[in-house]
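# Coordinate inspection notes
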Amino acid sequence: MKSRDTEKKDINGKDKKRKRQPMGLGRKIILVLCLIVFVGSASVLLDYFLNSSREQGDLESLADLKVERDDLVTDKGTVIGKYVDLYLANPDIIGWVTIKGTKIDYPVMQTPDKPEYYLRRNFNKESAVSGTPFMDANSNIFTPTSNFLIYGHNIKSGTMFHDLLKYKDESFYNKHKKFKFDTIYKGGQGTYEIVAAGYSQIYPEDSTEFKYYQHAGITSEEDFNAYVKGVKALSSYDTGVTPEYGDQLVTLSTCAYHVKNGRFFVVGRRTDAKQVVPQ
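A brief look at the structure comes next. All values reported here derive from a predicted model rather than from experimental measurement.

Within the structure shown, the criterion is met by ten salt bridges. Between R69 and D85 there is a salt bridge, and its shortest N-O distance comes to 2.7 Å. On the criterion of sequence distance, the pair formed by R69 in the loop between α2 (25-62) and β1 (72-73) and D85 in helix α3 (residues 84-89) is long-range, its members being 16 residues apart. For R69, a relative accessible area of 43% corresponds to the partly exposed category. Owing to a relative accessible area of 19%, D85 belongs among the buried residues under this scheme. One salt bridge in this structure joins D182 and K82, with 3.9 Å as the shortest N-O distance. Taken together, the positions of D182 in strand β7 (residues 178-183) and K82 in the loop between β2 (78-79) and α3 put the pair 100 residues apart, joining distant regions of the chain. A relative accessible area of 4% places D182 in the buried class.

Rendered as structure tokens:
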């Protein structure tokens, strides 16, 4: 049995408040480093969102250049009036894509000799994180081809082709079954109904998985049918739309983050004409 003195000491010992020990040098260094990392990361994110917002504004302002003018005859074809000013500003433009209910309302560029030139450049050829939508070099609008493959970044701030992923939900598709894609040349303006929309990824070359991104220049019926079968198999839902050889297709492609090197695509079929051939 403990004596009263011992009990008193035990009680007093429990009642005594522990003095806060001064922070050690090591802990101070770790805290400072954590603060530096946090501030640095926040600055990078802020800069990213500010840049993407500014770049989005620059692209939106291009719509002001779509003014009705006389058509312009060039060595490639006749540029229709409302795209003349854009063509004169940058002849790399070959089209314009618009999807209602999204922020997608952008010019489409193409540089066959430098296929990814606009991956990180804006319409004015300046460095830009968001880039500008561009068409695959194998999708030549001046040669009959069944599929125009167009790429755009998935910007986390919600710009560029980010809104393509809205098509993962069938409910969104049901309200937005069509989109617009115009080439700037006479005869190339059209409405496209959705054929398929779904997730995929960049697979190893020796993989047997269907690679939609390798079908930018379809010219044969066999390749066309294989492509339609492949994208409909990947589609998140059945749209009930099955193209036939001779139809013009447009495939919109962007990054997705469900897997490493993920992709999301939307395929449309032109409803008001067959294959596009500039005039």
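Take the pairing of strand β10 (residues 262-270) next. Among the nine residues of β10, eight are classified as buried, and the element is accordingly described as predominantly covered. Judged from the nine bridges that link them, strand β8 (residues 189-201) and β10 form a sheet pairing that is antiparallel. Opposite I194, over in β10, you have G268 as the bridge partner. Bridge count for strand β9 (residues 249-256) against β10 is eight bridges, and the pairing is antiparallel. From the neighbouring strand, C255 faces β10, where its bridge partner is R263. Linking β9 back to β10 in an antiparallel pair, the connection comprises five residues, with N261 at a positive phi of about 60°.

The next subject is the packing of aromatic side chains. What describes a pair of aromatic rings is the distance from one ring centre to the other and the angle between the planes of the rings. By the definition in use, this model includes 13 aromatic pairs. Between F148 and F181, the ring centres sit 6.2 Å apart and the planes meet at 65°, which makes this aromatic pair edge-to-face. Here the residue F148 occupies a position in strand β6 (residues 147-151), and F181 occupies one in strand β7, the gap between them amounting to 33 residues. Owing to a relative accessible area of 0%, F148 belongs among the buried residues under this scheme. Owing to a relative accessible area of 0%, F181 belongs among the buried residues under this scheme. Aromatic pair Y173 and Y237: ring centres 5.2 Å apart, planes at 35°, arrangement tilted. In this pair, Y173 sits in helix α4 (residues 170-175) while Y237 sits in the loop between α5 (221-234) and β9, placing the two residues 64 residues apart along the sequence. Assessed through its relative accessible area of 4%, Y173 is described here as buried. Positioned above the aromatic ring of W96, the side-chain terminus of K66 is 4.1 Å from the ring centre. Here the guanidinium or amino end of R121 rests over the ring plane of Y117, the centre of that ring lying 3.9 Å away.

This part is about the nonpolar core. Among the nonpolar cores identified, the biggest contains 46 residues, and Y167, F179, F181 and L252 are the most heavily contacted of them. A per-element tally of this core places strand β3 (residues 93-98) first, with four residues. Grouped together as the second largest cluster of nonpolar side chains are 16 residues, L149, V195, L249 and V267 included.

When you line up the elements, Y167 lands in the loop between β6 and α4. For Y167 and A197, which are 30 residues apart along the polypeptide, the C-alpha to C-alpha distance reads 6.4 Å. When residues no more than four places from it in sequence are discounted, the contact partners of Y167 are I99, F172, Y173, H176, K178, I194, A197, Y237, F264 and V266. Here H176 takes part through its backbone oxygen, which lies 2.7 Å from a polar atom of the side chain of Y167.

All right, on to the environment of Y227 then. As for its position among the elements, Y227 is in helix α5. Spatially, the C-alpha atoms of Y227 and K211 are 9.1 Å apart, while their sequence positions differ by 16 residues. Among all residues touching Y227, those that are not within four sequence positions of it are N147, F210, Y212, H215, I218, L249, T251 and V267.

Definitions and cut-offs
Residues numbered from 1 in each chain as written. Predicted model: local features only at pLDDT ≥ 70, side-chain atom pairs only at ≥ 80, totals over all residues. Heavy atoms only, no water. Salt bridge = Lys/Arg side-chain N within 4 Å of Asp/Glu carboxyl O. Helix = DSSP H or I, 4+ residues; strand = E, 2+ residues; numbered from the N terminus. Buried < 20%, exposed > 50% of the residue type's maximum accessible area, 1.4 Å probe, protein only. Pairing = 2+ DSSP bridges. Phe/Tyr/Trp six-rings, centres within 6.5 Å; stacked < 30°, edge-to-face > 60°. Lys NZ or Arg CZ within 6 Å of the ring centre and 35° of its normal. Core = buried A, V, L, I, M, F, W, Y, C linked by side-chain atoms within 4.5 Å. Contact = heavy atoms within 4.5 Å. Polar contact = N/O pair within 3.5 Å; in protein donor to acceptor, adjacent residues only side chain to side chain.

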